[in-house]
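# Examining the three-dimensional arrangement
Now for the letters of each chain:
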Amino acid sequence: MKANRYTFQWFKKEDRRKALRASVSREGKLRLGRPLRKALPPFIRVGFDRDARVLAIAEGRELDGDAAAAGSLNARLLSAQICSIGLKLPIAFSLHRDEATGFYLGTVIPRRQRDAATGQRHYDPEQLLTLYTPMIDRTVAHLAKSTPLAERKAIAAEALCAALPAYRPAMGELEGYLEEAIRRSLLSENRQYADAYRHRSLDQPLTADVHNTFSLYDAIPSSSGGIDELEERIMAEQFRQSLSAEEQALFQMLQDGRPVEEIALTLSTTGAQIQSMGLSIGEKRRRFYQIS
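Right, let's walk through the structure included here.

Moving on, we get to the packing of aromatic side chains. Going through the model one piece at a time under the given rule, you end up with four aromatic pairs. Aromatic ring contacts, followed pair by pair, group Tyr123, Tyr167 and Tyr177 into a single cluster. The ring of Tyr123 has Arg112 sitting right over it, with the charged end atom 5.5 Å from the ring centre.

Here it is, written out as C-alpha cells:
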C-alpha cells in the first residue's frame, strides 16, 4: 500500500506576553506594551501614515523627548492624525520590526465589541469601513466599472458588513478575506449592467436553458486580467453610445488613424470643425471615465 505524502505547515499559538503592542487612548496618550518597550532603543520618535493607516516608531535622539522606557507618552498630534481619517479612539496597534528601514511598524488591530444580548464578540463594521477605505477605493476603482460609482461604493460597504459575521481566523487575513468578498459582490451585481452587452462580451449564457445562465464571465478568475479587459470593453461601448452619430463616426475614424483632411472630406466639414469636435469628444471622455 502506497504511503500518503503530506506537507504540513506548522503554526505556533501566539504568545500574547511577547506580542509587540501599542495603543492610543481617548486622552491622547500612546501606551507602549512591555515587550515593545524592551525591544525599542532608549529614545524614539513616532510617526503615522494616514493613507496606509500605519504607525511607525523609530530610533530618536534625547532631544526628541520620547523615552522608550516610559509606559505612556503624550501623543496628541498622533491622536489628532488618527481621528482626522475617521478612526475613533481608543485604538490598538500590532507592531513588527521592518528589516528594510529598521522601524517598528504597526497596523491597527480591528476592534471587537461584545453583544449585550448574546455575549458574543463581533467586529465593529464602522471602524472597518474607515480602516479599509484605501482597499475599498482601490477595488471599486478597478472592478465592475460599468456599474455607477456611487452604487459600487454602496455594494462594497454592504458586502463588507455582510461578510464580517462569517469570518474566522482560519480564513486568512481579515483584509484579504473582506477584499475577496467585495470583489465577488461587485461582479455579481455588475451582471445587470453587462446584460445589455451580451452580444459583444463574454456574458452570453452558454446554453439556452433559462434556468442555467452560466457564462464565460463566471469562469474568469477574479484575480485575472480577463475581468478588467471585459469591463474596459463594456465601458468603451457605453461611452461610444453616449456620443451623437456624427461624433461616433469621427471617434472611430480618429481611432483608425485617418488624417484630418480625409475625415473632413468624408464628413463634409472643415479641419477646424474636426478639431473642435475632437476636443469636445475628449472632454466628454474625461467626464465619462471620471471615477471620483
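In this chain, Leu89 is followed by Pro90 through a cis amide linkage whose omega measures 0°. Structurally, Pro90 is set in the loop between α2 (76–84) and β7 (91–97).

With that out of the way, let us pick up the sheet that holds β7. What holds strands together in a sheet is hydrogen bonding between their backbones, with the strands either parallel or antiparallel. Strand order in the open sheet made by the eight strands is β5-β3-β4-β8-β7-β1-β2-β6, with antiparallel pairing throughout. Because the sheet does not close on itself, it has two edges, and the strands there are β5 (66–67) and β6 (72–74). Running at roughly 15° to strand β3 (residues 43–49), α2 makes contact with β1 (21–24), β2 (29–32), β3, β4 (54–59), β6 and β7 of the sheet.

Taken as a whole and assessed by the stated rule, the structure comprises seven salt bridges. A salt bridge links Arg184 to Glu180, with the shortest nitrogen-to-oxygen separation between them at 4.0 Å. Placement of the pair is Arg184 and Glu180 together in helix α6 (residues 174–194), with a separation of four residues, close to one helical turn. Accessibility expressed as a relative area gives 49% for Arg184, which makes it partly exposed. The partly exposed category is assigned to Glu180, whose relative accessible area is 29%.

With that settled, consider helix α4 (residues 133–142). Every buried residue belonging to α4 is among Met135, Ile136, Thr139, Val140 and Ala141, and all of these are buried. Once α4 finishes, Ala144 follows within two positions and takes phi at roughly 55°, a positive value.

Taken together, the two bridges between β3 and β5 define a ladder with antiparallel strand orientation. Its bridge partner lying in β5, Phe43 is registered against Ala67. Sheet topology note: the β3/β4 ladder contains six bridges and is antiparallel. Note that in β4 the partner of Gly47 across the bridge is Ala56.

The next point concerns a nonpolar patch on the surface. Among the surface-exposed residues, Tyr6, Phe8 and Trp10 lie close enough to one another that they form a single nonpolar patch of about 500 Å² accessible area. Checked against the element boundaries, Phe8 lands in the segment before β1. Judged by relative accessible area, Phe8 falls into the exposed class, the value being 56%.

In this section: the pairing of β1. Residues Ala22 and Val24 of β1 are buried on one face, while the alternating residues Arg21 and Ser23, pointing to the opposite face, are not. Where β1 and β7 come together, four bridges link them in antiparallel fashion. The residue of β7 that forms the bridge with Val24 is Ile91. In the sheet, β1 pairs with β2 via three bridges, with the strands oriented antiparallel. Residue Val24 lies in a different strand from β2, and its bridge partner there is Leu30. Hairpin remark: β1 followed by β2, antiparallel, with four residues in the connecting loop; positive phi at Gly28, about 85°.

Looking now at the environment of Glu179. Note on placement: Glu179 falls in helix α6. Measuring from C-alpha to C-alpha, the distance between Glu179 and Leu160 comes to 8.0 Å, with 19 residues separating the pair along the chain. Residue contacts for Glu179: discarding those within four places in its chain leaves Met135, Arg138 and Thr139.

Here Thr269 lies in the loop between α10 (260–266) and α11 (271–289). Overall, the relative accessible area of 18% leaves Thr269 in the buried class. Setting aside residues no more than four positions away along its own chain, Thr269 makes contact with Ala264 and Ile274.

Calculation criteria
Every chain is numbered independently, its residues counted from 1 as its sequence is written. Reporting in this predicted model follows two pLDDT cut-offs: at least 70 for local features of residues, and 80 or more for side-chain atom pairs to be given and counted; totals over whole chains, interfaces and linings ignore these cut-offs and use all residues. Hydrogen atoms and water are omitted, and side-chain values are computed over all heavy atoms in the structure. For this analysis, a ring pair means two rings from Phe, Tyr or Trp (six-membered ring only for Trp) whose centres lie within 6.5 Å, classed as stacked if their planes differ by under 30 degrees, edge-to-face if by over 60, and tilted for the remaining angles. Think of it as a cone above the ring: NZ of Lys or CZ of Arg counts as a charge over the ring if it is within 6 Å of the ring centre and within 35 degrees of the ring normal. By definition, any uninterrupted DSSP run of H or I lasting at least four residues is a helix, any uninterrupted run of E lasting at least two residues is a strand, and each is numbered from the N terminus. We treat two strands as partners when DSSP finds at least two bridges between them. Residue contacts follow a heavy-atom distance rule, with two residues in contact if any of their heavy atoms lie within 4.5 Å. Helix axes use the C-alpha atoms of the stretch in contact, all axes being lines fitted to C-alpha atoms, and the angles between their N-to-C directions lie in the range 0 to 180 degrees. Definition used for salt bridges: Asp or Glu carboxyl oxygen within 4 Å of a side-chain nitrogen of Lys or Arg. Buried means the residue's accessible area, taken with a 1.4 Å probe over protein chains only, is under 20% of the maximum for its type, while exposed means over 50%, and partly exposed covers the values in between. Each patch is assembled from residues with relative accessible area greater than 30% and no salt bridge, linking like charges that lie within 9 Å and nonpolar side chains (Val, Leu, Ile, Met, Phe, Trp, Tyr) that lie within 5 Å. Here the open area of atoms and residues is found with the Shrake-Rupley method and a 1.4 Å probe, where only the protein chains shown may cover a residue.

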